[in-house]
There are 2 protein chains.
Amino acid sequence: MPNQLPVLAADACCTPLVTEALTEESAADLARGFKALGDPVRLRLLSLIASRAGDEVCVCDLTDAFTVSGPTISHHLKVLREAGLIGCQRRGTWVYYWIVPAKLAALSQLLDVSAAATPTTGISA
Amino acid sequence: MPNQLPVLAADACCTPLVTEALTEESAADLARGFKALGDPVRLRLLSLIASRAGDEVCVCDLTDAFTVSGPTISHHLKVLREAGLIGCQRRGTWVYYWIVPAKLAALSQLLDVSAAATPTTGISA
DNA sequence: CGTCTAGTTTGACAATTATCTAAACAGCGT
DNA sequence: ACGCTGTTTAGATAATTGTCAAACTAGACG
């Protein structure tokens, strides 16, 4: 039963990396989010769900887009859910998923280098 | 909606997740970046490097902030480097690291849900 | 040359993860 | 109640990953 987990919303950090160094705790929390994104299947799943923002997506619409088995999709959805990136609800036969914008925004902001000064750090590798 | 901020030139992908679903290839590419961020030590390393944006950081300044061994730090720096998130150069005795803003910006934008009209649905039971 | 310091590479090991098949569970329509 | 479809759980396995100690490389300084 895919019960929706409580969203541990952007409690950790909203400050870009460039502004301030992370503490150990917030790093652990945020890394959990990025780790969930660090798989091609999960990233595409999230992408498919997010591209219907406001709306929801049924699992049956997702599985068709992949070659991996159903249980594998289910597993990846669980990882995304436990990372707080998506929410879900069963309605009748189907289970619907949606994104959690706040969580995505928190991760996005952390990487937002343009938020701080120093627009051109043109150091070449 | 109008894009609010001038965007650092991102090499691979500029479109937020909410706008368009990812292809298999770009998902694999981007997932590599997120996977590199999906570890607390690496995230803190990046944070320490990025918080001196424009400047560089010597490895010796990084190791002190961690309890893990030197080789482990070195390993994580390599992962970040191979993900294209940081660059490095040896000068004399020391090795200096810096962030690659464009790469961070690309990942940040991908998660930028505010770029599209998204009702902040928040937490629903 | 020898040696010291800074950092990386190698090799090993335990822990985690991605994936599958098989089974269980949850609703719907007879 | 029974079967059918959609979805998750359980168990197993192969691959990946995080970590360390030991060995190695690169440069500085006598």
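Every value quoted in this text rests on a predicted model; they were computed, and no experiment measured them.

*Asks:* With reference to specific residues and values, describe the environment of B:Ala83.
*Replies:* Following the sequence through the fold, B:Ala83 ends up in the loop between helix 4 (70-82) and strand 2 (86-91). For the pair formed by B:Ala83 and B:Gly38, sequence separation is 45 residues and the distance between their alpha carbons is 12 Å.

*Asks:* A description of the packing of helix 2 (residues 40-50) of chain A against helix 4 (residues 70-82) of chain A should follow, citing residues and the corresponding values.
*Replies:* Residue and element names in this part refer to chain A. At a minimum axis separation of 10 Å, helix 2 and helix 4 run at an interaxial angle of 75°. With respect to helix 4, the axis of helix 2 lies roughly perpendicular. Here Val-41, Arg-42, Leu-45, Leu-46 and Ile-49 of helix 2 lie close against helix 4, whose contacting residues are Ile-73, His-76, Leu-77, Val-79 and Leu-80.

*Asks:* Hey, could you go over the packing of helix 1 (residues 24-37) of chain A against helix 2 (residues 40-50) of chain B for me, with residue numbers and the actual values?
*Replies:* Helix 2 of chain B packs onto helix 1 of chain A with a crossing angle of 110° between their chain directions and a minimal axis gap of 8 Å. Relative to helix 2 of chain B, helix 1 of chain A is oriented roughly perpendicular. Crossing of helix 1 of chain A over helix 2 of chain B shows right-handed handedness. Along its contact with helix 1 of chain A, which presents A:Glu24, A:Ala27, A:Ala28, A:Leu30, A:Ala31 and A:Phe34, the element helix 2 of chain B presents B:Pro40, B:Leu43 and B:Arg44. Residues belonging to the contact of helix 1 of chain A with helix 2 of chain B are distributed by class as follows: seven nonpolar, no polar and two charged.

*Asks:* Lay out the protein's contact with DNA strand C in plain terms, naming residues and giving numbers.
*Replies:* The immediate surroundings of DNA strand C are formed by 22 residues, with A:Thr72, A:His76, B:Cys58, B:Ser74 and B:Tyr97 found nearest. When the atoms of DNA strand C within 4 Å of the protein are sorted by group, sugar and phosphate make up 80%. One of the side-chain nitrogen or oxygen atoms of A:Arg42 is found 3.1 Å away from a phosphate oxygen of DNA strand C. B:Tyr97 has a polar side-chain atom sitting 2.7 Å from a phosphate oxygen of DNA strand C. Counting residues per element, the ones that place at least two in the surface near DNA strand C are helix 4 of chain A together with helix 3 (59-63), helix 4 and strand 3 (94-99) of chain B. Of all the elements, helix 4 of chain A adds the most residues to the surface near DNA strand C, at four residues. Residues that form the surface near DNA strand C fall into these classes: nine nonpolar, eight polar and five charged.

*Asks:* Before we move on, could you go through helix 2 of chain A and cite the residues and values that matter?
*Replies:* Residue and element names in this part refer to chain A. Burial of helix 2 is extensive: nine of the eleven residues sit out of reach of the surface. Of the positions making up helix 2, those classed as buried are Val-41, Arg-42, Leu-43, Arg-44, Leu-45, Leu-46, Ser-47, Ile-49 and Ala-50. A side-chain oxygen of the first residue of helix 2 lies 2.8 Å from the backbone nitrogen of Val-41; this N-cap is Asp-39.

Reading the values: the criteria
Here the residue index of a chain counts from 1 through its sequence in written order. To read the labels, note that chains go from A and ligands from 1, taken in the order they are written. pLDDT decides what is reported in this predicted model: residues at 70 or higher carry local features, side-chain atom pairs at 80 or more are listed and counted, and totals for whole chains, interfaces and linings draw on all residues regardless. Based on all heavy atoms of the structure, the side-chain values leave hydrogens and waters out of the count. Strands are runs of DSSP state E lasting at least two residues, helices are runs of H or I lasting at least four, and both sets are numbered from the N terminus onward. The axes used here are C-alpha line fits, helices contributing only the stretch in contact, and every angle between their N-to-C directions lies in the interval 0 to 180 degrees. Throughout, the term roughly parallel applies to angles under 35 degrees, roughly antiparallel to angles over 145, roughly perpendicular to angles from 65 to 115, and oblique to all others. Throughout, a residue-residue contact means that at least one pair of heavy atoms, one from each residue, lies within 4.5 Å. Each helix crossing is assigned a hand: it is left-handed if the near helix lies turned anticlockwise from the far helix by less than a right angle, otherwise right-handed if that turn is clockwise. The classification used treats Ala, Val, Leu, Ile, Met, Phe, Trp, Tyr, Cys and Pro as nonpolar, Asp, Glu, Lys and Arg as charged, and all other residues, Gly among them, as polar. Near residues are defined by distance, with any heavy atom within 4 Å of the molecule or strand qualifying the residue. In protein, a polar contact requires one atom able to donate a hydrogen and another able to accept it; more generally it is a pair of N or O atoms within 3.5 Å, and residues adjacent in sequence count only if both atoms are side-chain atoms. For every residue, the accessible area obtained with a 1.4 Å probe (protein chains only) is divided by the maximum for its type, and the residue is called buried under 20%, exposed over 50%, and partly exposed between those limits.

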